Amino acid sequence: MTETASIPQTPQEAAEQITETFKTAAKDFETMKFDTNVPESVRALAEKTVTQTRDAYERGKESLEESIDAVERSFDAAGQGATAYNRKLIDIAQRNLNSGFDLAKSLASAKNLAEIVELQSAFIRSQFDVFASQAGEIRALTTKIAADTSEPIKEQVSRSFEGMRKS
């Protein structure tokens, strides 16, 4: 009959069995030889792999830092653009209010109904041109803001693709 491992019946037996297993494993471990030489080709391959991995990490890190810088510059441009846009709107509103006050002053000094109608008609005709001009100012400014905001990102993407082509 073959001997089977008995199941410990008491904690004491379990502790003794574990201790015996540990001692056996420790003796087996001590008899192992760790002075085996690693072949030169394996060491060279390991060194090359570590170097390549470090280089790839550095390139990735630099690329990430450049991308973050581009996003920051883009956000800065967007903030400056929003400020310029708000200032332009305020400027246009002030000009329009001043034109309205000028019309009111002219109307107040009109001598008859015909002069009032003529002043209003002239004002309305001139305001169509003014509004068209102001819409052009807003369009030009928003185009510039969009270009200024997207430029850092476009430059970074171009640099990234150029870097990938060279690699």
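Residues numbered from 1 in each chain as written. Predicted model: local features only at pLDDT ≥ 70, side-chain atom pairs only at ≥ 80, totals over all residues. Heavy atoms only, no water.

Considerations on the packing of helix α2 (residues 40–108) against helix α3 (residues 113–166)
Between α2 and α3, the least distance of the axes is 9 Å, while the angle of their chain directions is 175°. As summarised for this structure, α2 and α3 are arranged roughly antiparallel, according to the angle between their axes. (Axes fitted to C-alpha atoms, helices over the stretch in contact; angles between N-to-C directions. Helix = DSSP H or I, 4+ residues; strand = E, 2+ residues; numbered from the N terminus. Parallel < 35°, antiparallel > 145°, perpendicular 65-115°, else oblique.)

What about the side chain of Gln127?
For Gln127, the position within the fold is in helix α3. Apart from the residues lying within four places of it in its own chain, the contact partners of Gln127 are Asn96 and Ser99. (Contact = heavy atoms within 4.5 Å.)

A short note on α2
Helix length check: α2, at 69 residues, gives a terminal C-alpha distance of 101 Å against a target of 102 Å (1.5 Å per residue), a fit within 8%. Turning to α2, its buried residues number three or more, namely Ala70, Ser74, Ala77, Gly81, Ile92 and Leu103. The elements touched by buried residues of α2 are α3. (Expected span 1.5 Å × (residues − 1). Buried < 20%, exposed > 50% of the residue type's maximum accessible area, 1.4 Å probe, protein only.)

Comments concerning the side chain of Ser74
Within the secondary structure, Ser74 is located in helix α2. On the basis of relative accessible area, Ser74 is assigned to the buried category, the value being 8%. Here Thr149 takes part through its backbone oxygen, which lies 2.6 Å from a polar atom of the side chain of Ser74. Setting aside chain neighbours within four positions, we find Ser74 in contact with Thr149, Pro152 and Ile153. (Polar contact = N/O pair within 3.5 Å; in protein donor to acceptor, adjacent residues only side chain to side chain.)

A look at a nonpolar patch on the surface
A cluster of nonpolar side chains, Val71, Phe75, Ile153, Val157, Phe161 and Met164, forms an exposed patch at the surface whose accessible area comes to about 580 Å². At the level of elements, α2 and α3 are the ones that each hand at least two residues to the nonpolar patch. If you tally residues by element for the nonpolar patch, the top one is α3, at four residues. Residue Phe75 is classed as exposed on the basis of its relative accessible area of 60%. (Patch = residues over 30% accessible without salt bridge, like charges linked within 9 Å, V, L, I, M, F, W, Y side chains within 5 Å. Areas by Shrake-Rupley, 256 points an atom, 1.4 Å probe, with all protein chains shown as cover. Salt bridge = Lys/Arg side-chain N within 4 Å of Asp/Glu carboxyl O.)

Structural notes on the layout of surface pockets
Quantified by volume, the largest pocket comes out at close to 270 Å³. Arg59, Ser63, Ser160, Gly163 and Met164 are the residues nearest the centre of the largest pocket, which is lined by ten residues in total. Taken together, the elements giving at least two residues each to the lining of the largest pocket come down to α2 and α3. Tallying contributions element by element places α3 first for the lining of the largest pocket, with five residues. Of the residues assigned to the lining of the largest pocket, the class counts are one nonpolar, five polar and four charged. (1 Å grid on protein atoms, 1.4 Å probe; cavity = no way out; pocket = protein on both sides within 12 Å on 5 of 7 lines; lining within 4 Å. Points joined across faces, edges and corners; volume = space filled by probe spheres on them. Nonpolar A, V, L, I, M, F, W, Y, C, P; charged D, E, K, R; others polar.)

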